[in-house]
Structures are given as structure tokens and as C-alpha cells.
Amino acid sequence: MPDPSIALKKEDLSSSAPRVRFAPSPTGFLHVGSARTFIFNWLYARSKAGTMVLRLDDTDVKRNTEASVQSIFEGLKWVNLGWDEEYKQSDRLDLHQKAAWAIFERGLAYRDFTPAHTGDAEKSGAQGTWLFNPGMRELSREESDRRAAAGEPFALRFLVPRQSVDEIRFTDAVYGEQRKLASDVEDFALLRSDGMPTYHLASCADDADLRITHIIRGQDHLSNTFKHVLIFNALAAQLPSFAHLPLLVAPDGTKLSKRRHGPIVSVTSYRDAGFLAAAFINFLCLLGWSPKNDREQMSLAELQELFTLEGINRANAVVNFKEPAPTPEEMFDPKAVWLNAEHIRALPVEELGARLLPIVRGAGHNLTEAQMLRITPLIRERIKLLRDVLTAADFFFLDQLPQYDPAELIPQKGDAAMAGKVLEKARSVLAGVEFKHDPLDQALRTAAQELGLKAGQMFQPIRVAACGRKNAPPLFETLEVLGREKTLQRIDSAIAKLQ
RNA sequence: GGCGCUAUCGUCUAGGGGUUAGGACGGAAGAUUCUCAAUCUUCAAACCCGGGUUCGAUUCCCGGUAGCGCUACCA
């Protein structure tokens, strides 16, 4: 008899609120492609008032690690979208077994006593058409039972229909009508010889049991779906809807992998480099999906509103990273970096400051919230990654300016003498003026006039003296935040450098 | 090898039988500002190839090519 707990799941899945799932297998860190799958599922669930299920697909005991589970949670925690229900397949082995044997009892599976293939070395290249191990499909039930009872190990395989007319079909929300001859599908395993369920079986049994209505996953599962249709049918479960996502690939067109492409494929690399989760999500959504209205920069709320399965396209998307990159910024897809800068600028000063402060403190600088808040508006438009605060605003929190070339102090069309004159003048002016934007502006422009110099020629030496480099935020705001004491001190040491 | 999927600027994409094939990133040039950044303007840059169908295909059909995926007692 079929197990009733499986069979009774046959109900109308389409009329209820959608239930979607993200089902990573813990064999490594959270991959950006997985993160995108998670995000698309989440967006779909949220836009339809549905339920988001997180399920750890950990049936491959040999390859699963606890460290990987942790790193997946770490990645998801940063992405910060959350989920409604959580399961682990290893807690549900009983269900899988029952499902497998229910299929067997229905005559849709058979025991395969052929020893497992040892060498998986020749996985690529010309492989003969493998559909089933000879002799095993035809084994009588009696003999099969007898050999099993005798303790002979076996795998349980799905008995795929072999009539050439049998066709498996389903509709994919992205790829449309899909059909395949059953005779082109191999007799895939349901249970391993150690009794553990395979991915296909566990996944489908769980999807049926958890009443998943929409399976949104990577396109690498598109051809597996034919097997899944077979399993759902054998389980007498209603078929969920499918939506396969085009894959994320590397610039060389190959699938993203840690071995080949390094840490760039890990979600935490984006976090550590100073991406905002919202920008990261935004970026990923633009790979393989489009709102079709030329919108690019979108908040999470906007994405939720705009997201539809119809907007997903079919071709693989390249994540345009550079692996050996001179700077962290250059290693990421330029569009991701640009989006991050956009999201940074869109953040209120208080919020941006709050995100920047831990980074600055983490680098060993003492800084108060109030100080951070004054610095933030000055660098807001000058940083692309959060970590850029360390280089863009260093002169605010460093006591000693790093070494710089005294030649930098020399203004346009000027010489060292002019630089010296400017700095001396600035010194005396700044000693008396109020350190606020407007008075500074007025005093320094007047000083420039008195020296017969252009404003730029006056400001540049002061800027370099104060900041240690030519490129910095506007001068008066900077000096105002820096304060009289540090400014004068730095001008003094710049004058000394000039000698 | 078998089966499946895909193909628009360097990249992400919009579009669709008749368009100057649109946008964005990146690139180049310029404007602007005390430098940088931001902002603005301008420029370069694409329909894989070959056959059909059609008055007309980048768009529809077929074939080719290329890429990707699956082809495990991995997921």
C-alpha cells in the first residue's frame, strides 16, 4: 500500500498562497548564484503574500560539513531577508524512505544489485548512453525480495517507462513548454545502497510534503525536472509550478566555481569588501531579470513591487568580475560597484555614518559617533564601497599624516617659494579666523587676493598640508571638521617639509 | 556521444516583421566646482552564420555554429 502521508498531499496547490523554498546543499560557502536564487524566491513569496521555506538539502553525508552550514547562514544573515520556515532533510529521512518504498510498492521502482560505479573520474567526455544496468529491471519480485533478504546490497531505482511513445512534459514559467522522451531518461536512483535517499527523491518528497507550490531554482535543474515530474506522479502528488533561472557565469562563460574563480563567488566577499546588502541584492536581481522599464537602481521595496516571473530571461548572465585585480574595487563587476555607490548616496547621513563607524573603529581608530556624523557627508559622494572610508577619510582620524611628497604642496604654475608663502599666510590667517565654512571661505579668498594668487593656487597647498594629498573633499568643510589645532599643526609640518 | 536550453553594444538588458535597434555600467571627450567625487552634455560601441516565409526580417520557421546544463548510489 502506498503510504497515506505521501498520497494525501494531493490537493490543489495553485489556489492557495504560494509556498516557495530555497534548498541549498551545505557543501561550501553561500555562492552568489545561490544567493540570487534565494532572493528571487523571497521576492516571489513576498510579492504574493506567500511563504518562504529554507531547507538544507543535506542528504550527501560525505560532502556536507557543519562549517558550510554555518557559512550559508552567515551569508543569508548578511543578505538579511529572512524566511518563514526552516527544515533540514537529514531530519526527514523517514519521510524519504517511505516515499521511496511507496514508489516501489506501486511497481514504479526496482532494486538494482549492481555494485556502485567506482570510478567517477571519467565524468566528462564521451560517455556511452547509460540508461539502466542490464538485467536489473527484469528481476522478478520474488528474486529481488530473496536477494534483498539475503543481505545483498542494492540501490533503488526508478523504473522509467521505456516505450518510445512515452513523453514527459511540464511547463516552465521561464522556458515554456518542456518535453522529453521518457526513453531518454536513465533509471535514476532513489535510494543509495546504504539506504540514504538521493537528491531527486528527497527533494521531491519534501517538496510534496511541504506543499511547495512554486519551485524557483537554477537552470541546471531544468533537465532534472523530467525526473522530478516522474517522481511527483509516482507519489501521486500534485505537480508544483516550475521556474528555472538562467545561470550566473564567469566572464569566460564557465559556471562560477570556487576552484576556478576564487572568493569572488562567495557572498561574504561582497560583505567584507563593503557592499551594502541592498545594493548586492539590487545587482543580483539585474542578472537574468529585468523590470522592463529601464529601472536599474531599486530599493528592496521597489524590487518587491516590480518582481515578476515573466521578467526573468533565458540566457545565462555573466558576472563581469576580474580575478587578479589590483584593487578590491576592480575585482567586482563595475555595475555592482556603481550600484553600491548609488545606494550609499541614497542612505541618510545617520544611517551611513552608523555603518561606517564600526569599520573605522575596526581599523583601530578612536572616533565618536558625533565625529563620524560630521565626516560622513564629506565622503558620502566619494566612496563606492564602505571600506573606502578608510582611505577617503583617513586624514580625519589619523594623528600623523602618512608621508607625502612635498612637491605635492606646490600649486599650479607655482614653485616651492609660492607654496611656502601660501602656507605662511594661511597659518597666520587661520590662527585668527573662526573655523566655520563661511568665515574660512572669506578669509582664505581674501588672503589669496592679497597674495595676488588664484583661489586654486591658494587652496591646493593648504589642502595637501591638511589632508596629505591633492584629492580630498572641499577645503572649508574639511578644515571645519578637522579643527584649528590639527590644521595649524599640519601646516607647520608642511612648511617644515618645504625647507 | 545522447538529451535539453540559449544566442541584441565589452558587460547587464529593452524591443520586436518596416525603429536613427532604446537604456544602464564601463570607456572617450567636454561643461561645472578650490582638487577629487558627484552632476550635466556629447561620442564610440550590438541584432552569431546560412537558408527559407514575406513586398520587407534582427524579430517567425528550419539548419549550422558556439556556449551552457544534465547524462553519478553529487546536489
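Keep in mind that what you see is a predicted model, and the values were worked out from it rather than measured.

So, how was this worked out
- Residues numbered from 1 in each chain as written.
- Chains lettered and ligands numbered in written order.
- Predicted model: local features only at pLDDT ≥ 70, side-chain atom pairs only at ≥ 80, totals over all residues.
- Heavy atoms only, no water.
- Helix = DSSP H or I, 4+ residues; strand = E, 2+ residues; numbered from the N terminus.
- Rg over C-alpha atoms; globule rule 2.2 N^0.38 Å.
- Contact = heavy atoms within 4.5 Å.
- Areas by Shrake-Rupley, 256 points an atom, 1.4 Å probe, with all protein chains shown as cover.
- Domains from an automatic or database assignment.
- Buried area = accessible area lost by both parts, 1.4 Å probe.
- Salt bridge = Lys/Arg side-chain N within 4 Å of Asp/Glu carboxyl O.
- Pairing = 2+ DSSP bridges.
- Axes fitted to C-alpha atoms, helices over the stretch in contact; angles between N-to-C directions.
- Near = heavy atom within 4 Å.
- Polar contact = N/O pair within 3.5 Å; in protein donor to acceptor, adjacent residues only side chain to side chain.
- Nonpolar A, V, L, I, M, F, W, Y, C, P; charged D, E, K, R; others polar.
- Parallel < 35°, antiparallel > 145°, perpendicular 65-115°, else oblique.
- Buried < 20%, exposed > 50% of the residue type's maximum accessible area, 1.4 Å probe, protein only.
- Right-handed = clockwise from strand over helix to strand, strands pointing away.

A. How the structure looks around the overall build of chain A. When helices and strands are counted, chain A shows 22 helices and 12 strands. Taking 2.2 N^0.38 as the reference for a compact globule, 499 residues should give roughly 23 Å; the C-alpha atoms of chain A span a radius of gyration of 32 Å, well beyond that estimate. Once local pairs closer than 6 in sequence are excluded, the contacts in chain A between residues at least 24 apart make up 75%. Summed over all atoms, the accessible surface of chain A reaches about 23500 Å², with 50% contributed by carbon and sulfur.

B. Representation of the domain arrangement of chain A. When its domains are assigned, chain A resolves into domain 1 (4–116 + 133–245), domain 2 (258–345), domain 3 (347–397) and domain 4 (406–498). Placing a centre on the C-alpha atoms of domain 3 and another on those of domain 4 gives a separation of 24 Å. Roughly 930 Å² of surface becomes buried between domain 3 and domain 4 when both sides are summed, with 61% attributable to carbon and sulfur atoms. Between domain 3 and domain 4 we count 2 salt bridges in total. Between D394 and R469 there is a salt bridge whose closest N-O contact spans 2.4 Å.

C. Local environment of the sheet that holds strand β5 (residues 155–158). Taking strand neighbours across the sheet as the criterion, the 3 strands line up as β4-β5-β8 in an open arrangement whose pairing is antiparallel. Strands with a single pairing partner mark the edges of an open sheet, and in this sheet they are β4 (109–112) and β8 (189–191). Direction aside, the axes of adjacent strands within the sheet are offset by 40 degrees on average. Where β5 meets β8, 2 bridges bridge the pair, whose relative direction is antiparallel. In the strand pairing of β8, R157 is matched with A189.

D. Representation of the protein's contact with RNA strand B within the structure. Lining the immediate environment of RNA strand B, one finds 68 residues, of which T114, R192, S193, G288 and E381 sit closest. Of what RNA strand B places within 4 Å of the protein, 72% of the atoms are sugar or phosphate. In this structure, P334 approaches RNA strand B through a main-chain N or O atom, which is 3.5 Å from a sugar or linking oxygen. Between RNA strand B and K335, the relevant distance is 2.9 Å, taken from a base nitrogen to a side-chain nitrogen or oxygen of the residue. For the surface near RNA strand B, the elements supplying multiple residues, two or more each, are β5, β7 (176–181), α6 (199–209), β12 (317–318), α13 (334–346), α20 (455–467) and α21 (475–482). Looking at the surface near RNA strand B, the element that brings in the most residues is α13, giving 5 residues. Of the residues assigned to the surface near RNA strand B, the class counts are 22 nonpolar, 23 polar and 23 charged.

E. Layout of the packing of helix α18 (residues 416–432) against α20. It is the contact of α18 with α20, at a shortest axis distance of 9 Å, that shows an interaxial angle of 80 degrees. Classed by the angle they form, the pair α18 and α20 counts as roughly perpendicular. Seen from α18, the contacting residues are M418, V422, L423, K425 and A426; seen from α20, they are Q457, M458, P461, I462 and A465. Across the contact of α18 with α20, the residue classes break down as 8 nonpolar, 1 polar and 1 charged.

F. Region of the structure containing the environment of G176. By the secondary structure assignment, G176 is in strand β7. Along the sequence, G176 and F283 sit 107 residues apart, while their C-alpha atoms lie 26 Å from each other. Ignoring any residue separated from it by four or fewer positions in sequence, one finds G176 in contact with F170 and T171.

G. Fine view of the side chain of H31. Tracing the chain through its elements places H31 in the loop between β1 (19–22) and α2 (32–47). A polar atom in the side chain of H31 sits 2.9 Å from the backbone nitrogen of G33. Beyond its immediate chain neighbours, meaning those up to four positions away, H31 contacts L256, V265 and V267.

H. Region of the structure containing the pairing of strand β10 (residues 241–245). Counting buried residues in β10 gives 4 out of 5 residues, a clear majority hidden from the surface. Bridging between strand β9 (residues 214–218) and β10 involves 5 bridges; their strand directions are parallel. Among the inter-strand pairings, G218 is bridged to a residue of β10, identified as L245. The parallel pair β9 and β10, bridged by helix α7 (residues 225–234), forms a crossover whose chirality is right-handed.

I. Inspection of the pattern of salt bridges at higher detail. According to the stated counting rule, one finds 36 salt bridges in the structure shown. Its salt-bridge partner being D145, residue R141 comes within 3.2 Å of it at the nearest N-O pair. One end of the pair, R141, and the other, D145, are both in helix α5 (residues 141–149), 4 residues apart, so they sit about a helical turn from each other. Between E186 and K227 there is a salt bridge whose closest N-O contact spans 2.9 Å. Residue E186 is found in the loop between β7 and β8, and its partner K227 is found in helix α7; the two are separated by 41 residues along the sequence.

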